[in-house]
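Descriptive analysis of the structure
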Amino acid sequence: MSPLELLQAAPPAVRPVVALSEGTDPRVVAGALAAHQAGIADVILVGPQAEVEAALQTEGATTGGGVAIHDPATSGLTEAFAAEYHELRKHKGTDAATARAAAETPLVYAAMLVRLGHATGTVGGAVHTTGDVVRSAIQVIGMAPDAGMVSSFFLMYPPGGAPEGSRAMLYSDCGLVIDPTPAEMVSIAAASAQSARALLRVDPKLAFLSFSTTGSAKHPAVDKVTQALNLFRAAHPELPADGELQFDAAFVPAVGERKSPGSSVAGQANVMIFPNLDAGNIGYKITQRLGGYSAIGPVLQGLAKPANDLSRGCTAEDVTQIIAVTILQANP
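Below you will find a few notes about this structure. (Residues numbered from 1 in each chain as written. Predicted model: local features only at pLDDT ≥ 70, side-chain atom pairs only at ≥ 80, totals over all residues. Heavy atoms only, no water.)

1. Description of the overall build of the chain
How we decide: Helix and strand definitions here come from DSSP, where helices need a minimum of 4 consecutive H or I residues and strands a minimum of 2 consecutive E residues; each element is numbered from the N-terminal end. We take the radius of gyration over the C-alpha atoms and set the globule estimate at 2.2 Å times the residue count to the 0.38 power. The buried label goes to any residue with under 20% of its type's maximum accessible area, the exposed label to any with over 50%, and the partly exposed label to all in between, with areas taken from a 1.4 Å probe on protein chains only. Between two residues, a contact is recorded if the distance between any of their heavy atoms is within 4.5 Å. Note on areas: Shrake-Rupley with a 1.4 Å probe; residue coverage comes only from the protein chains shown. Positive residues here are Lys and Arg, negative ones are Asp and Glu, while His and the chain termini are left out of the count. Lysine's charge is taken at NZ, arginine's at CZ, aspartate's at CG and glutamate's at CD.
Counting its regular elements, the chain contains 13 helices and 11 strands. Computed over C-alpha atoms, the radius of gyration of the chain comes to 21 Å, within 12% of the 20 Å expected from 2.2 N^0.38 for 332 residues, which places it in the range of a compact globule. The dimensions of the chain, computed from C-alpha atoms along their principal axes, are 65 × 50 × 35 Å. By the burial criterion, 51% of the 332 residues in the chain qualify as buried. For the chain, the proportion of contacts with a sequence separation of at least 24, taken over those separated by at least 6, is 72%. Here the chain displays about 14,000 Å² of accessible surface, and carbon together with sulfur accounts for 54% of that area. Placing the 21 positive and 30 negative side-chain charges of the chain at their respective mean positions leaves the two points 5 Å apart.

2. Here we look at empty space enclosed by the protein
Space left empty within the atom packing is revealed by a probe, the size of a water molecule, rolled over the atoms. Selection criterion: In this analysis, the protein atoms alone were mapped onto a 1 Å grid. Cavities are point sets where a 1.4 Å probe fits without being able to get out; pockets are open sets with protein on both sides within 12 Å along at least five of seven lines; lining residues have an atom within 4 Å of a point. Grid points are joined across faces, edges and corners, and a volume is the space filled by probe spheres set on the points. Classes in brief: Ala, Val, Leu, Ile, Met, Phe, Trp, Tyr, Cys and Pro nonpolar; Asp, Glu, Lys and Arg charged; the others, Gly included, polar.
Per the stated rule, a full pass over the model turns up one cavity of 30 Å³ or more. As for the largest cavity, its lining consists of Ser21, Leu107, Ala110, Ala111, Thr122, Val123, Gly124, Val133, Ser136, Ala137, Ala307 and Asn308. Looking at side-chain class alone, the lining of the largest cavity contains seven nonpolar, five polar and no charged residues.

3. Quick word on helix 6 (residues 106–115)
The buried fraction of helix 6 is high, at eight of 10 residues. All of the buried residues along helix 6 are Leu107, Val108, Tyr109, Ala110, Ala111, Met112, Leu113 and Val114. At the exit of helix 6 stands Gly117, carrying a positive phi of roughly 85 degrees.

4. As for the pattern of salt bridges
Side chains that carry opposite charge are capable of pairing whenever their charged atoms lie near each other. Selection rule: One side-chain nitrogen of Lys or Arg within 4 Å of one carboxyl oxygen of Asp or Glu is enough to make a salt bridge.
The final tally for this structure, using the stated rule, is 10 salt bridges. Across the pair Arg15 and Asp42 runs a salt bridge, and its minimum N-O distance is 2.6 Å. With Arg15 in the loop between helix 1 (3–9) and strand 1 (17–20) and Asp42 in strand 2 (residues 42–46), this residue pair connects regions lying 27 residues apart in the sequence. For Arg135, the salt bridge goes to Asp132, with nearest N and O atoms at 2.9 Å. On the criterion of helical spacing, the pair formed by Arg135 and Asp132 is a turn pair, its members being three residues apart in helix 7 (residues 130–140). Given the relative accessible area of 44%, Arg135 is considered partly exposed. Put simply, Glu79, Arg100 and Glu104 are held in one network by salt bridges that share partners.

5. What to know about the sheet that holds strand 1
For clarity, the cut-off: Note on pairing: two strands pair once DSSP finds at least 2 bridges between them. Between N-to-C directions, angles cover 0 to 180 degrees, with each direction set by a line fitted to C-alpha atoms, over the stretch in contact for helices.
Strands sit in the order 3-2-1-4-11 across an open sheet of five strands; the sheet is parallel. Two strands bound the open sheet, and with one partner strand each, they are strand 3 (67–70) and strand 11 (307–309). Strand-to-strand, the axes of this sheet are offset by a mean angle of 20 degrees, without reference to chain direction. Sheet strands touched by helix 2 (residues 26–37): strand 1, strand 2 and strand 3. Its angle to strand 2, the strand with the most contacts, is close to 165 degrees.

The following block contains the structure:
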């Protein structure tokens, strides 16, 4: 089931509120309205009042009934947000005037809505870069106490009529961490296991991917993956994990049995941990474009409260699904 379908089947007891930091973008407005009309969330569209109103009118909608506009330049919350931002960043040399200017930017304002409890989570990135979205989220919302780092993943869903054995999977990291160390791969894998439980509703089986399977090749890049696996097993013995595995050994049961006999993960993995961003980003795009899988993401993990990034090539449907993901992260 997609995130939207999961929420529609079992909505949270309290209706969540999601802040959209790019409330003037037509795709964001359409996606936010679809989420609201589907009954999964109330939405706050952040941006200049007149421009957001114009975008809503284009969609034949208005404010009220769970759709709100917040203009940071005129909002009664901005002063408090500026003070909070100043307190958070003054050790970095941020003065009150700079904090006020930051609080009037949509990304910081939307993140403050989440930090101070006015919204369940926030979504941005249709216009802003991933770096801008992640920076604002880390600075304002902060990292989860048990998170070693912030990373990202994609949810991958097979198309209708896919071959037997196709399944929903989580790919990480495909959008943020360029060349993780073994210790960072452990953090990524641990967070990804939690995300798989929350968003795919599966027991995670993690494959640490490489161009080698259980010693078939020797190279420092392979050593990094095996070191990461050993560290992960020591830290999380309760989670099934195997590696190093090539993708076919991780995904195809017959290949997994042949290349890694007796493994509880090979051929059955649903959480794919990539060794670097090259492999992860290329891998998810091949799965999407040639395999016909739907890709939802990049989704951020490791933050204290949900904040998510959109691709600048996103569609309105992508926005709706990321809103659903954001809600599920807040209500695992």
